[in-house]
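# Reading the structure
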Amino acid sequence: MSLLIIVAWLIVMIYLAHYALRVFGVLTYDETQLMPSNIEPIIVSNLVNKYIGTSNETTLVVVVKLDGNETVESRLSYVNNAVNAIDAPSISVMDLLTAYNSVYTIYNETISRFAMNVISNETPGIWSLYWRLNNDCSTILSLNREYYSRVFNITNNIESDLNATINYGQILYYETENYYLRNYPNASLTELFVLSTRKYMSEYGYSEYINVLANETLNKLEVAVGNEPTPYALATENITGILLTSYEEILQETYPGLNPVSNVTGYVYQSLINSNANATLLRIAILIGPNTNLNLLRLILIQEYTNATPPLLLPYMYQLTCNNNPSIVYSVIYELNRSVINVLVQEHPPPSMLDLPDNITQKFLNGTYTVAFITLPSSYEDTIYDLLTRKDWTYPVSTDVILYELERMVTSDVNIIDKTTSVLVFITMISMLGTLIGPVMSLIALGLTYLASLGLLYNWAIHFKLYYLTVYMIAPIIFGIGVDYSMLMLSRYLEERIRGHGKNEALRIVLSRVRPTILVSASVVGFGLGSFAISRYGYIQDIGIGFIIAVSLTITATAIILPEAMRLLGDGGIMAHGVKG
């Protein structure tokens, strides 16, 4: 039974394989022939063909690289000589781009000259705006430091003097009890204050403020009760109140008009105004806070200057404000120049090549590259391409040339890749299985599968169109999954035989455990790659159909034919000397 299955499979494969080489003669190399009729390029092409007619002419774009050793004229002369060497009807060459470059250079020079006139008129205004903004910024920062420094100093002084007053009052009460009451009537207020001041200095250090406070308070008490009052008279006096009154009087002498409770900031503000500070700048200096918020300062200054600034300079005010580096002005001038050029280009777009008269197309401009356009019959494109590519500084470009290069690259490289891959796979299988029979059997089956796939694709191509990349893309799929599945089958069979199972039992285990896994894996691969077939584009559909055929025939060869061959060959398929060896 196994022999019949293998023979039947061989007959079918050989029948399909004899069509394999014919497929290369019926392939489609132009993707546009496989495009759906409802996409834009095909619609446009159909309209052109309908109302203008189909032309067999094509345009070959030749990019010519220039250097300092040869002139542009000499290199374009080579292109002209190559064109003249071809005996083809209606062939012509035109170097339009160099002429366009000449016109475009004149256009750029004109735009740049006009922009420079604008920049020349605006430059003095930019410098003036920069210095005004930064002078105001410097003044505001100075006022900010002065204002908050005074506020902090006065606040600290008030707090320090108040604390000193309270501490002195406590010492004074202590000395009143310790000295005055004990030594009366041999005690005086003068000595009381001298002792209290001395004790304060010893505990807290020297303070001129305490000297003044003690004198002021002593004077007030002497006026009220004399220098040697009775303890009762001294006790009836509000010494704490007199101390605080002296404290406030000293504060007013130091900071006239200051309310120590709620008016420190107002006092500092008014004192700076009295010192001829600018009220607007001072308010801004206060607004940006003690931590000097520069971003806020910039935004406030911009708001102050917006109405007086020309609209052309408004976008650059943030860059100019509070920037101590004058080089920023040059950066602004450069950016403004670019902006003016962009506006001019939008208002007056550059000339189109189609607007150039014929008499200037022969002018040339030295540069890095130039371009020639060769109009010729499509059938001569390969000839002129071969002539021009003899020089390494000419690069003919067209859709047909790109497709031609891609086709040549694929057809040459893929054959080398396939042969190399086959040899490497063969060597790998020999090293893994230790026999020639298994690898040869697997690769023969996969080779027939590949040829049969080409035969099926040939029969598809003669009834429908077939994209040429399809025949090259199925080979990796067939040999990739085919070798993988074959190795799984053969290696599992070898494992079971090593474990001591008989040939039939080992094959049964392979078929019951490995083959289902292979079938599921192949289904996933087939569905995944076969999904290409539902694409809108014909050439992608062809690749998907090729994948479906390749996976289907590969799974037939590995999951059905290979086990039957293993059944016939037994251990000879896995080892050169059998399981015992």
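Quick note: structure is the one above.
## Focus: the packing of aromatic side chains
For the structure shown, the criterion picks out 16 aromatic pairs. Aromatic pair Y147 and Y148: ring centres 4.8 Å apart, planes at 90°, arrangement edge-to-face. Per residue, the accessibility class of Y147 equals that of Y148, and both read buried. Considering the side-chain rings of Y180 and Y184, the 5.9 Å spacing of their centres and the 35° angle between planes classify their relative orientation as tilted. Taking relative accessible area as the criterion, Y180 reaches 0% and is therefore assigned buried. Since its relative accessible area comes to 30%, Y184 is described here as partly exposed. Following the ring pairs from residue to residue traces out a cluster consisting of W127, Y130, W131 and Y330.

## What about the packing of helix α10 (residues 279-287) against helix α11 (residues 294-305)?
Packed helix pairs are specified by the crossing angle of their axes together with the interaxial distance, meaning the distance between the axes. Put simply, α10 and α11 touch, their axes get as near as 10 Å, and they point 150° apart. Regarding the angle of α10 to α11, the classification is roughly antiparallel. Handedness of the α10/α11 crossing: right-handed. Touching T280, I284 and L287 of α10 are L296, L297, I300 and E304, all from α11. Here the residues of the contact of α10 with α11 sort into 5 nonpolar, 1 polar and 1 charged.

## Concerning the environment of M473
As for its position among the elements, M473 is in helix α17 (residues 469-498). The partly exposed category is assigned to M473, whose relative accessible area is 32%. Along the primary structure M473 and G546 are separated by 73 residues, whereas in three dimensions their C-alpha atoms are 8.2 Å apart. Those residues in contact with M473, other than ones at most four positions away along the chain, are I543 and F547.

Parameters at a glance
Residues numbered from 1 in each chain as written. Predicted model: local features only at pLDDT ≥ 70, side-chain atom pairs only at ≥ 80, totals over all residues. Heavy atoms only, no water. Phe/Tyr/Trp six-rings, centres within 6.5 Å; stacked < 30°, edge-to-face > 60°. Buried < 20%, exposed > 50% of the residue type's maximum accessible area, 1.4 Å probe, protein only. Axes fitted to C-alpha atoms, helices over the stretch in contact; angles between N-to-C directions. Helix = DSSP H or I, 4+ residues; strand = E, 2+ residues; numbered from the N terminus. Parallel < 35°, antiparallel > 145°, perpendicular 65-115°, else oblique. Left-handed = near helix turned anticlockwise from the far one by under 90°. Contact = heavy atoms within 4.5 Å. Nonpolar A, V, L, I, M, F, W, Y, C, P; charged D, E, K, R; others polar.

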